Amino acid sequence: MLPMETSQYYLGLDVGGTAMKAGIISAEGTLIHSLMQPTNKNAGPNAGLALMEKVIRLCIESAGFKLDSIKAIGAAVPGIIDLKNGMILDAVNLTDWKNVPVRSHLETIFSKPIAFLNDANAAALGEAWLGAGKGAESMAFLTLGTGIGGGLVHQGKIIEGRHGLAGEIGHTRIEMSRPRPCSCGNFGCLEAYAGATSVLKRAYEALAEDFNKISDLHEPAEKKTLSCKDVFDAARNGDPLADRLVEETSSALALGVINILHFFDPEKVVLGGGMIAAGDDFLKRIRWFVKDQAFKECAQGEDICFATLGNDAGILGAAIAARQMLLKN
Ligand SMILES: [Zn+2]
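Everything numeric here is computed off the predicted structure, so don't read it as measured data.

Some words on the nonpolar core
Counting 53 residues, the largest nonpolar core has L142, L271 and F282 as the members making the most contacts within it. Here the element with the most residues in this core is helix α8 (residues 240–264); it accounts for twelve residues. Those residues in contact with L142 that lie beyond four places of it in its chain are I148, G149, G150, I169, L190, L253, I260, V269, V270, L271 and G272.

In structure tokens, the structure reads:
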């Protein structure tokens, strides 16, 4: 999809709570080289900005490139952002990261055009160009992690909205009566039912009512090691309580997907993030609920699929955003 241009390279940076990643792509969209360094989430924003510079320089150097070969840099960042001013307003998982001027900092250091976008949008862009959404005219992306992020791509471009908040699918509401509280302060959001944190919370609640202790999940719960993976594994092994939790999670996610389908009518819905490790059984359940409840003309079956780029989606999307910005200007 990316037209041929020789000797044009773009660098994508993915700022995360556990790792800082950088990757270089060619104008044709091939990932040439990438690397990552661990993020110390308690080291503060200045150490974070210094690490961004270090990771970018290391990536260019270890690829055998010179800074001059990089035409533009894209930075994908977590948390609440000020898109216009290129700042992280509050990176929830990084201590004290408030009002961090990422774009101006990188512009000053590298004297290059810097694209700035949120990490879910970057992953959406990566999947749309080079991953599971390749070739689709429109795509919705959901990232299923501790929370639920999302992004909408139409004709190869992110739909950002006025504040960069378009596609925040995790905070669309799916429950009105006795809604669960969400991390955003509202009630009844998709994230409060289908994010990994919510799966665990609901697991502990269900176990507290499983008086006969039939479920295999009691053991890890008592050891305080219960994970989302345990819940999905137990469901696969026929544990009725775990099966109910996975069914409820799939049903909630399907509601989120159906809302997207009826609102945006995309060609594809791509699900990414850590929770897709739950595998095909999880995807089948989501597809079943969607087929049961969505307009039959909307995306169905294989149009709802798992992401294929894994952890590279963010750096690829950030680099693509850098290229798009350069072509626009
Ligand atoms: Zn919410």
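Considering the domain arrangement of the protein
Partitioning the protein into structural domains gives domain 1 (9–126 + 311–328) and domain 2 (136–307). A separation of 28 Å is found between the C-alpha centroids of domain 1 and domain 2. Both faces combined, the contact of domain 1 with domain 2 buries some 910 Å², and carbon together with sulfur accounts for 58% of it. Sorting the residues of domain 1 by area buried against domain 2 places L83, N121 and A124 first, and these three jointly supply 48% of that buried surface. In this assembly, domain 1 and domain 2 are joined by zero salt bridges. Where domain 1 packs against domain 2, one counts one residue pair in polar contact (both at pLDDT 80 or more). Considering every element that reaches the side of domain 1 that touches domain 2, the biggest residue donor is helix α3 (residues 119–130), with five residues. Residue composition of the side of domain 1 that touches domain 2, grouped by class: five nonpolar, three polar and no charged.

Examining the coordination of the zinc ion
Only H171 (ND1), C182 (SG), C184 (SG) and C189 (SG) from the protein coordinate the zinc ion, and they sit 2.0 to 2.4 Å from it. The coordination sphere of the zinc ion comprises four donor atoms, whose angles at the metal cover 103 to 122°; the geometry is tetrahedral. Going along the chain, you hit the donors of the zinc ion in the pattern H-x10-C-x1-C-x4-C. Both residues of the pair, C182 and C189, count as buried.

Some words on helix α2 (residues 102–110)
Spacing of three or four residues puts side chains on the same side of an α-helix, whose turn is 3.6 residues. Regarding α2, the residues found buried are V102, R103, L106 and F110. Projected down its long axis, α2 shows its buried positions confined to an angular sector of 95°, all on one face. As for α2, its buried residues are in contact with β1 (9–15), α1 (45–62), β4 (70–77), β6 (87–90), β7 (98–100) and β8 (114–118). Looking one or two places after α2, you find S111, whose phi comes out positive at around 50°.

Side note on α1
With 18 residues, α1 extends 25 Å from end C-alpha to end C-alpha; this agrees with the ideal 26 Å at 1.5 Å per step. All buried positions along α1 are accounted for by P45, G48, L49, L51, M52, V55, I56, C59 and I60. Mapping the buried residues of α1 onto a view down its axis gives an arc of 160°, with all of them on the same face. The exposed residues of α1 that point more than 90 degrees off its buried face are N46 and E61. Buried residues along α1 sit against β1, β2 (19–26), β3 (31–38), β4, β7 and α2. Once α1 finishes, G64 follows within two positions and takes phi at roughly 80°, a positive value.

Things to note about the pattern of salt bridges
Within the structure shown, the criterion is met by 14 salt bridges. D14 is the partner of K21 in a salt bridge, and the nearest nitrogen-oxygen pair spans 3.9 Å. The pair formed by K21 and D14 is uniform in burial state, with each residue classed as buried. Note that R180 is salt-bridged to E205, the shortest N-O span being 2.5 Å. Residue R180 is found in the loop between β11 (157–158) and α4 (191–194), and its partner E205 is found in helix α5 (residues 196–208); the two are separated by 25 residues along the sequence.

What about the packing of α5 against α8?
As a packed pair, α5 and α8 sit with axes 10 Å apart at the nearest point and diverge in direction by 140°. The pairing of α5 with α8 is recorded here as oblique in orientation. For α5 against α8, the interelement crossing comes out right-handed. Contact residues: α5 offers V199, R202, A203, A206 and L207, while α8 offers L241, R244, L245, E248 and T249.

The rules behind the values
The residue numbers shown here count from 1 along each chain, following its written sequence. Whole-chain, interface and lining totals are the exception, using all residues; otherwise, since this is a predicted model, local features are given only for residues with pLDDT of at least 70 and side-chain atom pairs are given and counted only at 80 or more. Water and hydrogen atoms play no part in the side-chain values, which are based on all heavy atoms of the structure. The criterion is simple. A nonpolar core is a set of buried Ala, Val, Leu, Ile, Met, Phe, Trp, Tyr and Cys residues joined through side-chain atoms within 4.5 Å. A simple rule labels every residue: compare its accessible area, found with a 1.4 Å probe on the protein chains alone, to the largest value its type can have, and call it buried under 20%, exposed over 50%, or partly exposed in between. Only runs of H or I of at least four residues qualify as helices and only runs of E of at least two qualify as strands under DSSP, and these elements are numbered from the N terminus. Contacts are residue-level and defined by heavy atoms, with any inter-residue pair within 4.5 Å sufficient. Here the limits of each domain have been adopted from an automatic or database domain assignment. Summed over both partners, buried area is the accessible surface (1.4 Å probe) that two parts give up on being assembled. Salt bridge criterion: a side-chain nitrogen from Lys or Arg within 4 Å of a carboxyl oxygen from Asp or Glu. Two N or O atoms form a polar contact when they lie within 3.5 Å of each other; inside protein one atom must be a possible hydrogen donor and the other a possible acceptor, and for residues adjacent in sequence the pair counts only when both atoms belong to side chains. Note on residue categories: nonpolar means Ala, Val, Leu, Ile, Met, Phe, Trp, Tyr, Cys or Pro, charged means Asp, Glu, Lys or Arg, and polar means any other residue, Gly included. The rule for donors is simple: N, O or S, within 2.8 Å of the metal, or within 3.2 Å if the metal is Na, K or Ca. Water isn't counted, so a site may look like it is missing partners. When four donors show all angles between 85 and 135 degrees the site is tetrahedral, when four or six donors have opposite pairs over 155 degrees and all other angles between 65 and 115 it is square planar or octahedral respectively, and in every other case it is irregular. Taking the helix axis as origin, the arc is that swept by the directions to the C-beta atoms. One less than the residue count of a helix, multiplied by 1.5 Å, gives the span that helix is expected to have. With axes taken as lines fitted to C-alpha atoms, and helix axes fitted only over the stretch in contact, angles between N-to-C directions fall between 0 and 180 degrees. To sort the angles, those under 35 degrees are grouped as roughly parallel, those over 145 as roughly antiparallel, those from 65 to 115 as roughly perpendicular, and the leftovers as oblique. By definition, turning the near helix anticlockwise from the far helix through less than a right angle yields a left-handed crossing, and turning it clockwise yields a right-handed one.

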